[in-house]
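Residues per chain are reported as follows:
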Number of protein chains: 2
Amino acid sequence: MDTISRKEQIITTSAKLFRQKGFEAASMRDIAAELGIEAASLYSHIKSKDEILETICFRMADELIKAIDEVNDVYFNAEEKLATAIKNHVKIVTGDLDSSTVFLREWRRLSAGKLAEFIKLRNKYEDGFMQILVNGENENVFDAPDKKFAVLTILSAVNWITEWYSPKGNMTPDEIAEHLFRFITTGLRVKTTA
Amino acid sequence: MDTISRKEQIITTSAKLFRQKGFEAASMRDIAAELGIEAASLYSHIKSKDEILETICFRMADELIKAIDEVNDVYFNAEEKLATAIKNHVKIVTGDLDSSTVFLREWRRLSAGKLAEFIKLRNKYEDGFMQILVNGENENVFDAPDKKFAVLTILSAVNWITEWYSPKGNMTPDEIAEHLFRFITTGLRVKTTA
DNA sequence: CGGAATTACTAACGTTTGTTAGGTAAAAAT
DNA sequence: ATTTTTACCTAACAAACGTTAGTAATTCCG
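A brief look at the structure comes next. (Residues numbered from 1 in each chain as written. Chains lettered and ligands numbered in written order. Predicted model: local features only at pLDDT ≥ 70, side-chain atom pairs only at ≥ 80, totals over all residues. Heavy atoms only, no water.)

1. So, the overall build of chain A
Then, number 1: Helix and strand counts for chain A come out as 8 helices and 0 strands.
Then, number 2: What you see in chain A, going N to C, is helices and strands ordered as α-α-α-α-α-α-α-α.
Then, number 3: Across its three principal axes, chain A shows a C-alpha extent of roughly 70 × 40 × 35 Å.
Then, number 4: The 194 residues of chain A split such that 49% are buried.
Then, number 5: Long-range pairs, those at least 24 residues apart, make up 68% of the contacts in chain A with a sequence separation of at least 6.
Then, number 6: Of the roughly 9600 Å² of accessible surface on chain A, a fraction of 51% belongs to carbon and sulfur atoms.
Then, number 7: Computed over 26 positive and 30 negative side-chain charges, the inter-centroid distance for chain A is 4 Å. (Helix = DSSP H or I, 4+ residues; strand = E, 2+ residues; numbered from the N terminus. Buried < 20%, exposed > 50% of the residue type's maximum accessible area, 1.4 Å probe, protein only. Contact = heavy atoms within 4.5 Å. Areas by Shrake-Rupley, 256 points an atom, 1.4 Å probe, with all protein chains shown as cover. Lys, Arg positive; Asp, Glu negative; His and termini not counted. Charge placed at Lys NZ, Arg CZ, Asp CG, Glu CD.)

Set out below in structure tokens:
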């Protein structure tokens, strides 16, 4: 039986509290209390509070980038690419809601150096989506007057699910992804038949 | 010459710093330093740090609700309503980027009582958009399988502009609103002519 | 002119913060 | 069986926090 290491427990618990109260408001003493130990004991496993935040943010970033790279490598059709990219994103985000929320909300509190590094990864992920839209334009299936704008808007939509998604809700991650794909590709307007 | 009251200066400066560093990370001493006074002097004008956050959040909420109510009162056509609602939202948000960002990002730090009040206003605003979608469905111009979902997605898109908009950028608020309206109503997909 | 606000100050308070030092008992490794 | 490592502890630190008390100078108003 492979138990989760204490370090992982600390990270998981921290993600939960960072999401609930915010990075600054959740103290080391809060985290320790949640684990039933003293604050000072945390330092047997981690170097600093900052290190916890970095671990959470960069793990999520890496996971998302790996997913979008795979999509751009494997699929050919732009529409299929977009559908899969959205599905993957929703799956990753809903799969670890605490970490995802911290990743999306608290990355600003990263230390100066790590912040620059993080933003590079963020841009890389955005570029992955950008490539899909470029493909789509070449294939004449997608059309956006401002592709950078479109990418940011798409990501805002898929990221917002962290604000309301609950595993106990009545939509599965795949259903959410489907809804989002539909909304992003066809919008609200009723198709004027013929 | 009507100078801006010191209290307003404090609120404006706080909004700027709350946006930059976050509510908890921006200290009273930071705010005071920005104004060239001592931290204790702030308390001649305001009751507490919380009061500043409350003022910022509720002002923005009131302004947005006033705008959506007006739209729902004045216009008849759902499409026109949505276009105007988005235009107003973008105008308000870009008009005071610091306050808007705090309103969108830092409202979670409101004290328990004020938080509940705030969420009510937030729901009211969402209801304003919901009504537009209901109108649109009745008029047979809009079609969304899950209207609550659609409202949240629309708002996520219009709110995300605080993350990248700059007054020095090459898009005016009206142009942004137009792009958003287009994206929200027709999506990415190329219209299959005939 | 004289009293009342207004706006700022210095000094200090009690808390909370992240973190370090040094120690102890149990478990694992040799 | 002895050493080493792991995982926790207590105690304490220096710094930063929001805020209060009390006071002096300036401005406003009758």
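2. Quick word on the interface of chain A and chain B
Accessible area lost when the parts come together is the quantity often used to give the size of an interface.
Then, number 1: In this complex, chain A contributes 44 residues to the contact, which on the side of chain B involves 44 residues.
Then, number 2: Both sides of the chain A and chain B interface together cover about 4000 Å² of buried area, and 63% of this is carbon and sulfur.
Then, number 3: Where chain A touches chain B, the interface holds 8 salt bridges.
Then, number 4: There are 19 residue pairs in polar contact (both at pLDDT 80 or more) connecting chain A and chain B.
Then, number 5: Looking at the side of chain A that touches chain B, the elements with two or more residues in it are α4 (78-95), α6 (112-138), α7 (147-159) and α8 (173-186) of chain A.
Then, number 6: Looking at the side of chain A that touches chain B element by element, the count peaks at 9 residues for α8(A). (Buried area = accessible area lost by both parts, 1.4 Å probe. Salt bridge = Lys/Arg side-chain N within 4 Å of Asp/Glu carboxyl O. Polar contact = N/O pair within 3.5 Å; in protein donor to acceptor, adjacent residues only side chain to side chain.)

3. Re helix α5 (residues 97-105) of chain A
Residue and element names in this part refer to chain A.
Then, number 1: Among the 9 residues that make up α5, 9 are buried, leaving the element largely enclosed by the rest of the structure.
Then, number 2: Looking at α5, one finds that the buried residues are L97, D98, S99, S100, T101, V102, F103, L104 and R105.
Then, number 3: Those residues of α5 that are buried are in contact with α1 (6-21), α3 (49-74), α4, α6 and α7.

4. As for the protein's contact with DNA strand C
Then, number 1: DNA strand C sits among 16 residues. The nearest are A:Y43, A:K49, B:E38, B:S41 and B:H45.
Then, number 2: In the interface set of DNA strand C, defined as its atoms within 4 Å of the protein, sugar plus phosphate atoms amount to 59%.
Then, number 3: Within the side chain of A:Y43, an N or O atom sits 2.5 Å from a phosphate oxygen of DNA strand C.
Then, number 4: Class assignment for the residues of the surface near DNA strand C results in 6 nonpolar, 5 polar and 5 charged. (Near = heavy atom within 4 Å. Nonpolar A, V, L, I, M, F, W, Y, C, P; charged D, E, K, R; others polar.)

5. Some remarks on the protein's contact with DNA strand D
Then, number 1: Looking at DNA strand D, there are 16 residues lining it, with A:E38, A:S41, A:H45, B:Y43 and B:K49 nearest.
Then, number 2: Considering DNA strand D, the proportion of its atoms within 4 Å of the protein that are sugar or phosphate atoms stands at 57%.
Then, number 3: Classifying every residue of the surface near DNA strand D gives 6 nonpolar, 5 polar and 5 charged.

6. Observations regarding the environment of A:M60
All names here are of chain A.
Then, number 1: Within the secondary structure, M60 is located in helix α3.
Then, number 2: M60 sits 39 residues away from S99 along the chain, and the two C-alpha atoms are 7.2 Å apart.
Then, number 3: Not counting residues within four places of it along the chain, the set of residues in contact with M60 comprises I92, S99, S100 and F103.

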